[in-house]
Amino acid sequence: PFSGHFEIYRNIVVLLFYVVVWDCSRGRSSKWREMLRFPHISQCDELAKSIERDYYSLCVKQPIGKKLFKLFCESRQDLQNYMSLLDALDAFKTKSDEEREEFGLRIIQRFLSSEITFCATESVIVLLLIRELHQYLSGEPFTQYQDSLYFDRFLQWKMLERSPITKHGFRQYRVLGKGGFGEVWACQVKATGMMYACKKLEKTHVKRRRGEAMALNEKKILEEVDSRFVVNLAYTYETKHFLCLVLTMMSGGDLKFHIYNVGEPGLDRDRVRLYAAEVCCGLMDLHEKSIIYRDLKPENILLDNSGHIRISDLGLAVKVSKGGTVKGRVGTLGYMAPEVISKKYYGTSADWWGLGCLIYEMTAGHPVFRAQGEHPQHREMENRIQRKQEDYNKKFVKSVKDLCSSLLIKDPEQRLGCGDSGGNAVRSHPFFYTINFRMLEAGLVEAPFQPDPRLVYCGDVQDIEEFSPVKGVSLDERDEEFYSMFNTGSVPISWQKEIIETNCFSELNVFGPMGSRTPDLDQ
Ligand code: ADP
Ligand code: MG
Ligand code: MG
């Protein structure tokens, strides 16, 4: 009989162990539910009055808003079909080309009367359907939604999203790298367990080097961009000594490290192709918002743990008017385009040149116009960029060579990517023939190389010195004004994605039986 009991106790202990481990592995604080406790609905009055009642923002763009609007529609018999159609259309976007035709046809058969005969492709029909659908949903359903308990719940989530952010909301782990104004640390949000990289800017260093405008520029640009191929900003906050940007965690190291410190210099062709395609998409997402990146080079391209890359370090990026140009010798010398060096006005052409330099370096295993380890004088480097024809060694097959030489055309008017179709011309280049850009943008392409999670892909952490305040620099009211512009807390879309991805949404967003409000709502 004893051994029988023992078995039971042992199983309970093992079970408890797994529950604890499972909970810890998600990294949430044991107090996470209190941290994310909904405010009473009466505390949302101000927000309800001030929030802009824009259908697209509230029900399409914001991830939690989209979920709650969907729950509302599903709760209404007459809207259920619309939601199934919207789901099917969302699924259509993520189907491979082979599956698309049949899937598209099934949607049409299921939701549209069969008498309608279409002479358009499935993709066009889908686009039309999506537009019609939103047109309808933004009318009466959207009005009703705003009077429902689902919208109340949205406001409660928004209040949580807007709670003040301090360093106490995060755990700090190890240093990931060093920047001009401070270190970048791995950190974790206590309430959700989400990992991020925290880029810290030491306040007196920023002030001494007049970096305020640059820091604010970087923050504003990061906040505006929502791209799979550019690091996202999740939070900004400040401590006594630092301004902090909390960014997508990229734990696989930068491309400079991968090109030079892992095996033979250079990368194999499949990796070059994927990284080049992803950088191309990232540039197009930036250019669409009239942002010129201006600092493309291997060390600014970071890998995540699944082996995909993102563009990072947007300190030199600049927002121009639509199709506009800027002047200014900005960037890193070896990677500056001829028109940037010669102090002309330039637009997105500078970035397509940068992509040429990047593809060249990944393939050749050394920078363009420079042998590895060679550091020519400034004038000499400028001269080579403006006049010299680049050499191609035997690692370049025809398609890569052709792509590089089209991107490295000195005259921006003639350069690939600089015509009316912009980056689409780059994507259409034969080198990218095997890349399905639609799948790539949907995150459905597997990377040819995954970083080993046990390895650290960066220089020795010991080499990274501590950042301490500069003596003799004092902070005053003017600085506070700048800090208050910088520290705006959570970035809505990133925060909502975090809440959903970490399952906090599904665990907390419960409604009582028969759609009644939960105790949380009524307390
Ligand atoms: P700076 O603008 O001062 O040059 P960076 O943004 O380039 O600062 O960051 C400095 C270093 O920190 C990078 O070279 C990289 O090693 C590391 N780093 C920056 N952002 C991230 C990130 N999102 N994930 C992981 N490491 C990062
Ligand atoms: Mg940098
Ligand atoms: Mg920078």
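No experiment lies behind these values; they were computed from the predicted model shown. (Residues numbered from 1 in each chain as written. Chains lettered and ligands numbered in written order. Predicted model: local features only at pLDDT ≥ 70, side-chain atom pairs only at ≥ 80, totals over all residues.)

Student: Explain the sheet that holds strand β3 (residues 195-202) residue by residue, including any values.
Tutor: Ordered in space as β1-β2-β3-β5-β4-β10, the 6 strands form an open sheet in which the pairing is antiparallel. Strand pairing shows two members of the sheet lacking a second neighbour, β1 (170-178) and β10 (489-490), which therefore form its edges. Here β3 runs beside strand β5 (residues 242-248); their pairing, made up of 7 bridges, is antiparallel. Its bridge partner being in β5, Glu-202 is matched across the sheet by Phe-242. Across the sheet, helix α22 (residues 492-501) lies against β2 (183-189), β4 (233-238) and β10, angled at about 110° from β4, the strand it touches most. (Pairing = 2+ DSSP bridges. Helix = DSSP H or I, 4+ residues; strand = E, 2+ residues; numbered from the N terminus. Contact = placed C-beta atoms within 7 Å. Axes fitted to C-alpha atoms, helices over the stretch in contact; angles between N-to-C directions.)

Student: Give a detailed account of the site of ligand 1, specifying residues and quantitative values.
Tutor: In the neighbourhood of ligand 1, 21 residues make up the surrounding shell, with Gly-177, Gly-179, Val-184, Ala-197 and Met-250 lying closest. Of all the elements in the fold, those that place two or more residues in the shell around ligand 1 are β1, β3 and β5. Each residue belonging to the shell around ligand 1 can be placed in one class, and the counts come to 10 nonpolar, 6 polar and 5 charged. (Near = placed C-beta within 6 Å. Nonpolar A, V, L, I, M, F, W, Y, C, P; charged D, E, K, R; others polar.)

Student: Before we move on, can you summarise the UniProt feature "domain: RGS" (unreviewed entry) in the protein with the specific residues and values?
Tutor: Following the UniProt record, one finds the feature "domain: RGS" (unreviewed entry) at residues 60-115 and 130-155. End C-alpha atoms of residues 130-155 are separated by 26 Å, and the span's content is 81% helix alongside 0% strand. (UniProt positions renumbered as here; feature names shortened; annotations may be inferred.)

Student: Go over the nonpolar core with me, naming the residues and quoting the values.
Tutor: In this structure, Tyr-196, Tyr-275, Val-279, Cys-280, Leu-355 and Ile-359 are the most contacted members of the largest nonpolar core, which totals 110 residues. Looking at this core element by element, the count peaks at 11 residues for helix α14 (residues 269-288). Not counting chain neighbours up to four residues away, the residues in contact with Leu-355 comprise Ala-276, Val-279, Cys-280, Leu-283, Leu-296 and Leu-407. (Core = buried A, V, L, I, M, F, W, Y, C linked by C-beta atoms within 7 Å. Buried ≥ 20, exposed ≤ 12 C-beta atoms within 10 Å, placed from the backbone.)

Student: For the UniProt feature "binding site: ATP" (unreviewed entry) in the protein, give the residues involved together with the corresponding values.
Tutor: Taken from the UniProt record, the annotation "binding site: ATP" (unreviewed entry) applies to Lys-199. Here Lys-199 is to be found in strand β3. Discounting residues that sit within four places of it in the chain, Lys-199 has contacts with Gly-179, Val-184, Cys-244, Leu-245 and Leu-247.

Student: Kindly report on unusual backbone geometry, identifying the contributing residues and their values.
Tutor: Apart from glycine, the bulk of residues carry a negative phi angle, and the bulk of peptide bonds sit in the trans form. The backbone of Arg-210 sits at a positive phi, close to 50°, despite the residue not being glycine. Topologically, Arg-210 is positioned in the loop between α11 (203-208) and α12 (212-224). With 8 C-beta atoms counted inside 10 Å, the residue Arg-210 sits in the exposed group. Although it is not a glycine, Lys-343 adopts a positive phi angle of roughly 60°. On the secondary structure map, Lys-343 appears in the loop between α15 (338-341) and α16 (349-364).

Student: Got a sec to walk through the confidence of the model for the protein? Specific residues and values, please.
Tutor: Per-residue pLDDT for the protein has a mean of 89; in total, 89% of the residues score no lower than 70. Low pLDDT (under 50) marks residues 519-523, which in the prediction has 5 contacts with non-local residues, meaning those over four places away or in another chain. Confidence estimates for the predicted assembly give a pTM of 0.89 and an ipTM of 0.99. (pLDDT = per-residue confidence, 0-100.)

Student: So what's going on with the environment of His-40? Residues and values would help.
Tutor: When you line up the elements, His-40 lands in the loop between α2 (32-35) and α3 (45-50). Classification of His-40 by C-beta neighbours within 10 Å gives partly exposed; the count is 13. Separated by 113 residues in sequence, His-40 and Arg-153 place their C-alpha atoms 9.9 Å apart.

Student: Explain the pairing of β4 residue by residue, including any values.
Tutor: Of all 6 residues in β4, 5 are buried; the element is thus mostly enclosed. Examined bridge by bridge, β4 and β5 share 5 bridges and lie antiparallel to one another. Opposite Thr-236, over in β5, you have Leu-245 as the bridge partner. Hairpin connection from β4 to β5: 3 residues lie between these consecutive antiparallel strands.

Student: Go over the packing of α14 against α16 with me, naming the residues and quoting the values.
Tutor: Running from N to C, α14 and α16 cross one another at 165°; their axes reach a closest spacing of 10 Å. Taken together, the axis directions place α14 and α16 in an arrangement best described as roughly antiparallel. α14 and α16 meet at a crossing whose hand is right-handed. Here Val-272, Tyr-275, Ala-276, Val-279, Cys-280 and Leu-283 of α14 come into contact with α16, specifically with Asp-351, Leu-355, Leu-358, Ile-359, Met-362 and Thr-363. Looking at the contact of α14 with α16, its residues break down into 10 nonpolar, 1 polar and 1 charged. (Parallel < 35°, antiparallel > 145°, perpendicular 65-115°, else oblique. Left-handed = near helix turned anticlockwise from the far one by under 90°.)

Student: Residue-level account of the environment of Cys-280, with values.
Tutor: Looking at the secondary structure, you find Cys-280 in helix α14. For Cys-280, a count of 25 C-beta atoms within 10 Å gives the class buried. Each C-alpha atom, one on Cys-280 and one on Asn-424, is 9.1 Å from the other, the two residues being 144 residues apart in sequence. Setting aside residues up to four positions removed in sequence, Cys-280 forms contacts with Leu-355, Gly-423, Val-426 and Arg-427.

Student: Which residues make up α14, and what values go with them?
Tutor: Its 20 residues place the ends of α14 28 Å apart at the C-alpha level, agreeing with the 28 Å of an ideal helix rising 1.5 Å per residue. For α14, a buried count of 16 out of 20 residues is recorded, marking the element as mostly surrounded by other parts of the structure. Ser-290 sits one or two residues past α14 and shows a positive phi near 60°. (Expected span 1.5 Å × (residues − 1).)

Student: Any details on the packing of α12 against helix α21 (residues 477-486)? Residues and values, ideally.
Tutor: Orientation of α12 relative to α21, taken along the N-to-C sense of each, is 15°, at an axis distance of 10 Å. Relative to α21, α12 is oriented roughly parallel. Here α12 runs over α21; the crossing is left-handed. Between α12 and α21, the contacting residues are Glu-212, Ala-215, Leu-216 and Lys-219 on the first element and Phe-482, Met-485 and Phe-486 on the second. Looking at side-chain class alone, the contact of α12 with α21 contains 5 nonpolar, no polar and 2 charged residues.

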